[in-house]
Amino acid sequence: MKKSLSLIIGLLFSANVFALSCPSNKTPKQVAMDMIRAELAGIVLEENVESDCLDQKKFPHLLIQSDFSNDEATKVDAVVKHLSDVKITKVELTSKETYSYKAIFEVKIKDEKTGIYTTTTDRIRFFIYPDSENHKTFGCGGVTEHPSKVMILKSCLPK
């Protein structure tokens with residue numbers, strides 16, 4: 001009984017073993033890039049849940065957590081060679097009341113069959129926590145709408 005109780009308590013607190021933060025000088029564009037980086041690490045892919053790419057230590061300003069209980073199986077639409085192939089073109093405030101933003105970004109993708117590079121455009125919607133208490137627990141904010149395409153860094157492909 002004691003072991004079960006200890007396990008349950010440990011699980012409750014293990015989600016945030018790492019101290020998260022959100023530096024006051026972090027811009028919405030920088031927050032958006034952190035979130036895009038998590039997307040490219042495979043956060044929406046159930047088979048990547050244990051990936052080194054999603055190690056919480058690599059995301060000191062963002063809580064890395066997924067819930068696949070209501071999701072359909074997700075397939076990868078495109079593989080991105082390097083993070084340098086991603087460029088945020090625009091970040092706009094969509095709601096002052098909820099500190100919500102939309103970031104539009106471009107990704108350069110190489111077609112493996114033809115060897116030709118193309119650029120695809122997508123967006124991510126997110127919010128930023130305004131208070132330090134949430135920063136300690138959840139980091140800078142959270143995603144409210146994932147990009148429409150599932151893209152993953154080549155180095156983060158599921159094994």
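Scroll up for the structure.
What comes next concerns the included structure.

Criteria and cut-off values
Starting afresh in each chain, residues are numbered from 1 along the sequence in its written order. Totals for whole chains, interfaces and linings use all residues, but because this is a predicted model, local features are given only for residues with pLDDT of at least 70 and pairs of side-chain atoms are given and counted only at 80 or more. Processing note: side-chain calculations cover all non-hydrogen atoms of the structure and skip hydrogens and water entirely. In plain words, nonpolar cores are sets of buried Ala, Val, Leu, Ile, Met, Phe, Trp, Tyr and Cys residues tied together by side-chain atoms within 4.5 Å. Under the scheme applied here, a residue whose accessible area is under 20% of the maximum for its type counts as buried, over 50% as exposed, and between as partly exposed, the area being computed with a 1.4 Å probe on protein chains only. Secondary structure elements follow DSSP: runs of H or I of four or more residues count as helices, runs of E of two or more count as strands, with numbering from the N terminus. A contact between two residues is defined here by any heavy atoms of the two lying within 4.5 Å. Here a polar contact is taken to be a pair of N or O atoms separated by no more than 3.5 Å, where protein atoms must pair a possible hydrogen donor with a possible acceptor and residues adjacent in sequence count only if both atoms sit in side chains. Any two strands with at least two DSSP-identified bridges between them are counted as paired. Lines fitted to C-alpha atoms define the axes, with helix axes restricted to the stretch in contact, and inter-axis angles between N-to-C directions lie between 0 and 180 degrees. Pairing of aromatic side chains here covers Phe, Tyr and the six-membered ring of Trp, requires ring centres within 6.5 Å, and sorts the geometry by plane angle: under 30 degrees stacked, over 60 edge-to-face, intermediate tilted. The rule for a charge over a ring is simple: NZ of Lys or CZ of Arg within 6 Å of the ring centre, and within 35 degrees of the ring normal.

If you look at the biggest cluster of nonpolar residues, it comprises 34 residues, and the most contacted ones within it are Phe 105, Phe 126 and Met 151. Elements represented by at least two residues in this core include exactly α2 (28–40), β1 (78–80), β2 (86–95), β3 (100–110), β4 (117–128) and β6 (151–153). Among the elements that make up this core, the one with the highest residue count is α2 (six residues). With near-sequence residues (within four places) excluded, Met 151 lies in contact with Glu 39, Leu 40, Ala 78, Val 80, Phe 105, Val 107, Ile 109, Thr 120 and Asp 122.

Position of Lys 26 among the secondary structure elements: in the loop between α1 (2–14) and α2. On the basis of relative accessible area, Lys 26 is assigned to the buried category, the value being 18%. A polar side-chain atom of Lys 26 sits 3.4 Å from a polar atom in the side chain of His 61. Not counting chain neighbours up to four residues away, the residues in contact with Lys 26 comprise Val 31, Asp 34, His 61 and Cys 140.

On the basis of which strands lie adjacent, the open sheet formed by four strands has the order β2-β3-β4-β5 and antiparallel pairing. Of all the strands in the sheet, the pair left with one neighbour each is β2 and β5 (141–145). Recorded for the sheet is a direction-independent mean angle of 35° between the axes of neighbouring strands. Bridging between β3 and β4 involves 11 bridges; their strand directions are antiparallel. Of the residues in β4, the one forming a bridge with Ile 109 is Thr 118. Contacting β2, β3, β4 and β5, α2 runs over the sheet at an angle of about 115° to β4.

The final tally for this structure, using the stated rule, is three aromatic pairs. Ring geometry for Tyr 101 and Phe 126: centres 5.5 Å apart, planes at 15°, overall stacked. You can see Tyr 101 sitting in strand β3 and its partner Phe 126 sitting in strand β4, a full 25 residues away along the chain. Accessibility expressed as a relative area gives 15% for Tyr 101, which makes it buried. Note on Tyr 129 and Phe 138: the rings are 5.5 Å apart at their centroids and 25° apart in plane angle, and the pair reads as stacked. Above the ring of Tyr 117, the side-chain terminus of Lys 108 is found at 5.6 Å from the ring centroid.

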